[in-house]
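Structure assessment
This is what each chain is made of:
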Amino acid sequence: MIHAEGVAEVTDATFDEEVRGAGLPVLVEFTADWCGPCRQLAPVLGAIAAEEADRVKVVQLDVDTNPGTTSRYAVLSMPTLMVFQDGEPVRSMVGARPKRRLLQELKEVLGAAVRS
């Protein structure tokens, strides 16, 4: 899997605890090794994970090795970014995007919790 620095990997086995049980809002990237746009997104997610660690948790899930969670949330395209708040998905975004745009989309969903 493409690892973004500072971004934890979650699995079918750890998803509920790490994402649905998190105290912070969580940005989940559904990703795959073969996904070119996912590679483009890795440094963006790493930067957001570092800069916004006190406001949002950033994790990634490999769709090829975690089909249960992937199908539970009906993820069909990579990368899919899903924001979870209080254990529930509140926003889904498909495709790579620059950091500024992603921060703006996070701010829309999370309010003042995220700096832009």
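To start, this report covers the structure provided alongside it. Remember, it's a predicted structure, so these values are computed and weren't measured experimentally. Counting restarts for each chain, with residues numbered from 1 along the sequence as it is written. The predicted nature of this model means local features are confined to residues of pLDDT at least 70 and side-chain atom pairs, given and counted, to a pLDDT of 80 or more, with totals for whole chains, interfaces and linings taken over all residues. Water and hydrogen atoms play no part in the side-chain values, which are based on all heavy atoms of the structure.

1. Quick word on the packing of aromatic side chains
Centres within 6.5 Å make a pair out of two Phe, Tyr or Trp rings, where for Trp the six-membered ring is used; the pair is then stacked when the planes are under 30 degrees apart, edge-to-face when over 60, and tilted otherwise. Scanning the model with the defined rule gives 3 aromatic pairs in all. Judged by centre distance (5.5 Å) and plane angle (75°), the rings of F15 and F84 are edge-to-face. In this pair, F15 sits in helix α1 (residues 15-20) while F84 sits in strand β4 (residues 80-85), placing the two residues 69 residues apart along the sequence. According to the relative accessible area criterion, F84 is buried, its value standing at 1%. With centroids separated by 5.1 Å and ring planes inclined at 90°, the aromatic side chains of Y73 and F84 adopt a geometry described as edge-to-face. Remark: F84 occurs in strand β4 and Y73 occurs in the loop between α3 (67-72) and β4; sequence separation between them is 11 residues. Between buried and exposed lies partly exposed: a residue is buried under 20% and exposed over 50% of the maximum accessible area for its type, with that area taken using a 1.4 Å probe on protein chains only. For Y73, a relative accessible area of 16% puts it in the buried group. Among the aromatic residues, those joined into a ring-pair cluster are F15, Y73 and F84. Numbering goes from the N terminus for both helices and strands, where a helix is a DSSP run of H or I of at least four residues and a strand is a run of E of at least two.

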